[in-house]
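# Structural overview for review
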Amino acid sequence: MLLRPIRSEMSKATERCDSLPGCNYAIWQDSEEFCFTTDAVFLAAFPHLVRQARVLELGAGTGAISLLLAPMEGLLDFVLRDVLTRIGGADRCVSEFIRISGTLLPERVFLRYMPELAHGSRTLAGVPVRAQLLGSDPVSMAENAAFLATLGPEGIDLNFGCPARTVNRHGGGASMLQDPENIARLVAAVRRAVPAHLPVSAKMRLGFDDRGLMRECAQAMVENGACELVVHARTKADGYRPPAYWEQIPLIRAAVGPQIRIIANGEIWTVQDALRCREQSGCTDLMLGRGSVADPGLALAIRAAVVHGVPAADSVAPIQPAAVPWAALLPHMQQFWDWVCQRLTPNQRAGRLKQWLNLLRRRYPEAELAFEHVRTLTDQREITRWIAALQLQAQG
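Here is a short report on the structure shown in this document. (Residues numbered from 1 in each chain as written. Predicted model: local features only at pLDDT ≥ 70, side-chain atom pairs only at ≥ 80, totals over all residues. Heavy atoms only, no water.)

## Observations concerning the environment of Glu228
Residue placement: Glu228 occurs in strand β9 (residues 228-232). A relative accessible area of 5% places Glu228 in the buried class. With 26 residues separating them in the primary sequence, Glu228 and Ala202 have C-alpha atoms 6.4 Å apart. Ignoring anything within four residues of it in the chain, the contact list for Glu228 reads Leu68, Arg92, Arg130, Val200, Ser201, Ala202, Ile260, Arg261 and Ile263. A polar contact is formed between the side chain of Glu228 and the side chain of Arg92, at a distance of 2.4 Å. Within the structure, the side chain of Glu228 is placed 2.9 Å from the side chain of Arg261, a separation counted as a polar contact. (Helix = DSSP H or I, 4+ residues; strand = E, 2+ residues; numbered from the N terminus. Buried < 20%, exposed > 50% of the residue type's maximum accessible area, 1.4 Å probe, protein only. Contact = heavy atoms within 4.5 Å. Polar contact = N/O pair within 3.5 Å; in protein donor to acceptor, adjacent residues only side chain to side chain.)

## Topic: the side chain of Asp157
In this structure, Asp157 sits in strand β7 (residues 156-160). We note that Asp157 is buried and unpaired, the nearest opposite charge coming from Arg130 at a distance of 5.4 Å. Of note is the side chain of Asp157, whose polar atom sits 3.3 Å from the backbone nitrogen of Ala202. Ignoring any residue separated from it by four or fewer positions in sequence, one finds Asp157 in contact with Val94, Arg130, Ala131, Gln132, Leu133, Ser201, Ala202 and Lys203. (Lys, Arg positive; Asp, Glu negative; His and termini not counted. Salt bridge = Lys/Arg side-chain N within 4 Å of Asp/Glu carboxyl O.)

## So, helix α14 (residues 346-360)
End to end, α14 covers 23 Å across 15 residues, agreeing with the expected 21 Å (1.5 Å per residue, within 8%). Residues of α14 that are buried include every one of Arg349, Ala350, Arg352, Leu353, Lys354, Trp356, Leu357, Leu359 and Leu360, and no others. Buried residues along α14 sit against α3 (78-87), α11 (290-294), α13 (326-343), α15 (365-374) and α16 (380-395). (Expected span 1.5 Å × (residues − 1).)

## Remarks on the pairing of strand β5 (residues 92-99)
By the criterion of burial, β5 is predominantly enclosed, with 7 of the 8 residues buried. Examined bridge by bridge, strand β4 (residues 67-69) and β5 share 2 bridges and lie parallel to one another. Note on β5: the bridge partner recorded for Leu69 is Cys93. One ladder, built from 5 bridges, connects β5 with strand β6 (residues 129-134); its direction is parallel. Across the sheet, Phe97 pairs through a bridge with Gln132, a residue of β6. (Pairing = 2+ DSSP bridges.)

## What to know about the packing of α14 against α15
Where α14 contacts α15, the axes come no closer than 8 Å and their chain directions differ by 150°. With respect to their mutual orientation, α14 and α15 come out roughly antiparallel. The hand of the α14/α15 crossing is left-handed. Together, Leu353, Lys354, Leu357, Asn358 and Leu360 of α14 and Ala367, Ala370, Phe371 and Val374 of α15 make up the contact between the two elements. For the contact of α14 with α15, a count of residues per class yields 7 nonpolar, 1 polar and 1 charged. (Axes fitted to C-alpha atoms, helices over the stretch in contact; angles between N-to-C directions. Parallel < 35°, antiparallel > 145°, perpendicular 65-115°, else oblique. Left-handed = near helix turned anticlockwise from the far one by under 90°. Nonpolar A, V, L, I, M, F, W, Y, C, P; charged D, E, K, R; others polar.)

## Looking at the packing of aromatic side chains
Aromatic ring pairs are described here by two measures, namely the spacing of the ring centres and the angle between the planes. Counted under the stated rule, the structure contains 3 aromatic pairs. For the cation-ring pair, Arg362 lies above Trp269, with the distance from its terminal atom to the ring centre recorded as 3.5 Å. (Phe/Tyr/Trp six-rings, centres within 6.5 Å; stacked < 30°, edge-to-face > 60°. Lys NZ or Arg CZ within 6 Å of the ring centre and 35° of its normal.)

## Looking at the sheet that holds β6
In a beta sheet, neighbouring strands pair by backbone hydrogen bonds and run either parallel or antiparallel. Strand order around the closed barrel formed by 8 strands is β4-β5-β6-β7-β8-β9-β10-β11, with parallel pairing between neighbours. Going from strand to strand, the sheet's axes swing by 30° on average, the running direction of each strand aside. This element, helix α5 (residues 138-149), spans β6 and β7 of the sheet and lies at about 160° to β6.

## Structural notes on the nonpolar core
What tends to happen in soluble globular proteins is that the nonpolar side chains get buried as a cluster. One finds Phe160, Met204, Met221, Leu229 and Trp326 to be the most contacted residues of the largest nonpolar core, which totals 120 residues. If one sorts the elements of this core by residue count, α13 sits on top with 10 residues. Once you skip the residues sitting within four places of it in the chain, Met204 turns out to touch Phe160, Gly161, Leu177, Met214, Cys217, Ala218, Met221, Leu229, Val230, Val231, His232 and Ile252. (Core = buried A, V, L, I, M, F, W, Y, C linked by side-chain atoms within 4.5 Å.)

## Here's the deal with the pattern of salt bridges
A full pass over the atoms with the stated rule returns 17 salt bridges. Put simply, Glu228 and Arg130 hold a salt bridge, and the shortest N to O gap is 3.7 Å. Here Glu228, found in strand β9, pairs with Arg130, found in strand β6; they are 98 residues apart in sequence, far enough to count as distant. You can call Arg130 buried: its relative accessible area is 4%. The salt bridge involving Arg290 is made with Glu267; its shortest N-O contact spans 3.6 Å. With Arg290 in helix α11 and Glu267 in the loop between β10 (261-265) and α10 (271-281), the pair connects residues that are 23 residues apart, well separated along the chain. The class for Arg290 is partly exposed, based on a relative accessible area of 23%.

Printed below as a string of structure tokens:
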């Protein structure tokens, strides 16, 4: 075994990484295999270690690409944000939407959706989290944004993309894309209500029933103070059905001008998807949603491909080995379960684990067996014992 020289040389490389501003790396050990993220200097200095240790080089902050974790109600909450940002690769998260419906929400509601507000608006791994608001009334949204600003968020994001019927029935989310003038009023009201230094961004789809107003909606957001747009490249009517129409995003870019940062989102499950999205959308930066939940190492793999100059999407195999092996993922699953048991009500706990395992099945064959085993379990103690046994089995 070569663990000792690998450990020694990893230390040298990470000392070098420590001296680089903005470098974000993590190292963990999985029995006989080391998995770690660090900056590009590692491969340059120790290329022979590629076959001796599994190298996921490049965490967040390298500058070649920015990767954001998407807001996903009931899925990508603070528990999963914590786990995914510990694994690495994400530059920023966006909270689940906080619904604004006509009253001024108390502090405890904002903290329930975004506990990171109590930690400098960062996950425990140090990744910034931007708070997302959803609503349709400019006055109420502005009042709540002003109060939220006093709690110290990294920024405020406005939701114009949620396709849920209950949300759209009350005029919020993607239904706003039918009324660019109301979008303009709402964005302007929020921008005026919060301090000038605080970023106000927006997330949109290509439209509601069709794409007829996508340019006007994007312009309404930008002209009234949104400094950044995330574009989910589907309409509300498209829902989450593939494909995503990344090729439509340049039309939005042409409408709002080159000075506004646009981030592409939708149907990014693999490194090949990410590279093709960048090619078709013209966007440097991406937002990852279900793809990152199904493959927690996806952000690391995308970053490595971009920084090392992978020439084109077609040069990448559609399916590659998982950047974070199953055995290395299991300690994070244990942490996830511990957090779920601490922070969620008993009736929510088993369902949250099953929900994540269900998506992990897309990437890991082992998750298929795990899901089938845990699918009928409801007792917290039994699930805790099962996860501990799963880790022991992986180590043996």
